[in-house]
Structures are given as structure tokens and as C-alpha cells.
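# Structural features, examined
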Amino acid sequence: MKEFSTDIFSRFNKQWALVCAGTLERHNAMTISWGELGTLWGKSVATVYVKPVRYTWQFMEESEYFTVSFYPEEYRQALTVMGSVSGRDCDKDAAAGLTPVPAGEGVTYVQAEVTLLCRKIYWQDLDLQRIPADVVRQSYLEEAPHRMYIGEVLDVIRS
């Protein structure tokens, strides 16, 4: 059982993922290492966190749907690019060597092993008053806190 649990917990933290919102013609994705998978209100859900300073934030705000996609280890460098350059400044997909494709009402990438198509059902900004002081000092002195997005998982797409 421990091996199974460790694998589940490492999907975001160690393997990373991409969260993507928008349309095939106009979208943005970013690398995430924070996230949860679970059940809420009787629905399978994925929870992701995006800071308002990130370009992806505006796409998350405008879109009803988002995707969370996971990749084989050979795409680690591509995910590094997706998390370190801004879509405001360049074509991140091309820079990372990833090919966007439709995923229901969302966007994913040909290279993804698994993509979760999600419909936003809840969002909330993290409350600085409820975050441990050391975390606030480390992560939120100069930028607003992350916004949490919870999406109902509508489909699991495997490549």
C-alpha cells in the first residue's frame, strides 16, 4: 500500500504536471508541482494552485474548463521550460517542443501520458491569515497568494 500511496503523492511534487486553460487558438499552460486529486461533493476532482502574477491565471479566470496533464520523465526539460518562461513573451509550446491538441472543451499536449479534463466548480484565494508565518515569509512577501481552483474531472484521457 505504501508504494501506491507514494506514487500518488509524487505525481505533482516529483513528476510535475501542466495546467492549461483556454482554447486551442488561445491558451496558456504552466508547470505545477502543487495539486490534489480526490472527491468533493460526490464528484471526482482535481485541485490546482495558480498565482495571480502568472499569465496562466488570466486563462484560468476566463475559462470554464482546464486540463491537468502528466508526462513521462523524458519530458522533464519541456516541463522546465513551461514553468520558467512566460507565454506573454514567447510561444511556450514551441519553446518546449510540445504540440497542443484539443481535449474536449480544453487543451492538452500530444506528449501527455494522461490528461484530466476539468470543469471549474470552485475557486478561492489562499488567506494569508491562515497560512503559517514561515510560509508567508518564504512565498508571499512580494506577491499575492495563490488562487485555488477545484475542477470536476469530466474525462481522463490517456495517450
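Residues numbered from 1 in each chain as written. Predicted model: local features only at pLDDT ≥ 70, side-chain atom pairs only at ≥ 80, totals over all residues. Heavy atoms only, no water.

## Let's talk about the overall build of the protein
Spelled out, the test is: Secondary structure counts use DSSP, requiring at least four H or I residues in a row for a helix and at least two E residues in a row for a strand, with both numbered from the N terminus. We compute the radius of gyration from the C-alpha atoms alone; for a globule the expected value is 2.2 Å times N to the 0.38, where N is the number of residues. Relative accessibility under 20% of the residue-type maximum defines a buried residue, over 50% an exposed one, and the middle range a partly exposed one, all with a 1.4 Å probe and only protein chains included. The contact criterion used is simple: two residues touch if any of their non-hydrogen atoms lie within 4.5 Å. Accessible areas in this description were obtained via Shrake-Rupley with a 1.4 Å probe; residue shielding takes into account the shown protein chains only. Residues counted as positive are Lys and Arg, residues counted as negative are Asp and Glu, and His and the chain ends are not counted. A charge is said to be at NZ when it belongs to Lys, at CZ for Arg, at CG for Asp and at CD for Glu.
The number of helices and strands found in the protein is five helices and nine strands. Along the protein, from the amino end to the carboxyl end, the secondary structure elements read α-β-β-β-β-α-β-α-α-β-β-β-α-β. Against the globule reference of 15 Å for 159 residues, the protein gives a C-alpha radius of gyration of 15 Å, in line with a compact fold. Over its C-alpha atoms, taken along the principal directions, the protein stretches across nearly 45 × 40 × 30 Å. Sorting the 159 residues of the protein into buried and exposed places 43% on the buried side. Taking the contacts inside the protein whose residues are at least 6 apart along the sequence as the reference set, 69% of them involve residues at least 24 apart. When the accessible surface of the protein is split by element, carbon and sulfur atoms take 52% of a total near 8,900 Å². Taking the average location of the 16 positive side-chain charges in the protein and that of its 21 negative ones, the two points are 5 Å from each other.

## Looking at the confidence of the model for the protein
What counts, and what does not: Values of pLDDT, ranging from 0 to 100, describe the predictor's confidence in every residue of the model.
For the protein, the mean per-residue pLDDT works out to 93, and 94% of the residues sit at or above 70. Low confidence marks residues 1-5, where pLDDT is under 50. Its contacts with residues over four positions away, or in another chain, come to zero contacts.

## Here's the deal with the nonpolar core
Quick note on the threshold: Each nonpolar core is a collection of buried residues, namely Ala, Val, Leu, Ile, Met, Phe, Trp, Tyr and Cys, held together in the definition by side-chain atoms within 4.5 Å.
If you look at the biggest cluster of nonpolar residues, it comprises 20 residues, and the most contacted ones within it are Val19, Ile32, Val48, Met60, Phe66, Val68 and Leu116. The next biggest cluster of nonpolar side chains, apart from the first, holds 13 residues, and it includes Leu18, Cys20, Leu98 and Tyr109.

## Notes on the side chain of histidine 146
What counts here: In protein, a polar contact requires one atom able to donate a hydrogen and another able to accept it; more generally it is a pair of N or O atoms within 3.5 Å, and residues adjacent in sequence count only if both atoms are side-chain atoms.
Mapped onto the secondary structure, histidine 146 falls in the loop between helix H5 (133-139) and strand S9 (147-158). At 2.7 Å, the side chain of histidine 146 forms a polar contact with the side chain of tyrosine 140. For histidine 146, the residues in contact, after removing those within four places along its chain, are Trp34, Tyr49, Val50, Lys51, Gln124, Asp125, Leu126 and Tyr140.

## Topic: the packing of aromatic side chains
As a reminder, the rule being used: Two aromatic rings from Phe, Tyr or Trp, using only the six-membered ring of Trp, form a pair when their centres are within 6.5 Å; if the ring planes differ by under 30 degrees the pair is stacked, by over 60 it is edge-to-face, and anything between is tilted. Our definition puts a charge over a ring when NZ of Lys or CZ of Arg is within 6 Å of the ring centre and also within 35 degrees of the ring normal.
Using the criterion set out here, one finds five aromatic pairs in the structure. Geometrically, the ring pair formed by phenylalanine 12 and phenylalanine 70 is edge-to-face, given 5.4 Å between the ring centres and 70° between the ring planes. Of this pair, phenylalanine 12 sits in helix H1 (residues 2-13) while phenylalanine 70 sits in strand S5 (residues 65-70), and the two are 58 residues apart along the sequence. Between tyrosine 55 and phenylalanine 59, the ring centres sit 5.0 Å apart and the planes meet at 80°, which makes this aromatic pair edge-to-face. Of this pair, tyrosine 55 and phenylalanine 59 both sit in helix H2 (residues 55-62), four residues apart, which is roughly one turn of the helix. Against the face of tryptophan 16 rests arginine 76, its NZ or CZ located 4.0 Å from the ring centre.

## Quick notes on unusual backbone geometry
Not every positive phi belongs to a glycine, and tryptophan 16 is a case in point at roughly 70°. Looking at where tryptophan 16 falls in the secondary structure, it is placed in the loop between H1 and strand S1 (17-22). For tryptophan 41, which is not glycine, the phi dihedral falls at a positive 55°. Within the secondary structure layout, tryptophan 41 lies in the loop between strand S3 (35-40) and strand S4 (43-50).

## Re the sheet that holds S9
Condition: We call two strands paired when DSSP finds no fewer than two bridges between them. Note on method: axes are straight lines fitted to C-alpha atoms, helices fitted across the in-contact stretch only, with angles between N-to-C directions ranging 0 to 180 degrees.
The strand order S2-S1-S5-S8-S9-S4-S3 describes an open sheet built from seven strands, whose pairing is antiparallel. Among the strands making up the open sheet, the edge pair consists of strand S2 (27-32) and S3. Along the sheet, successive strands turn relative to each other by an average axial angle of 35°, direction set aside. In this structure, S1 lies alongside S5, joined through four bridges in antiparallel fashion. By the bridge assignment for S5, leucine 18 is matched with serine 69. Each of S1, S2, S4, S5, strand S8 (114-125) and S9 is contacted by H2, which is oriented at about 120° to S2, the strand it contacts most.

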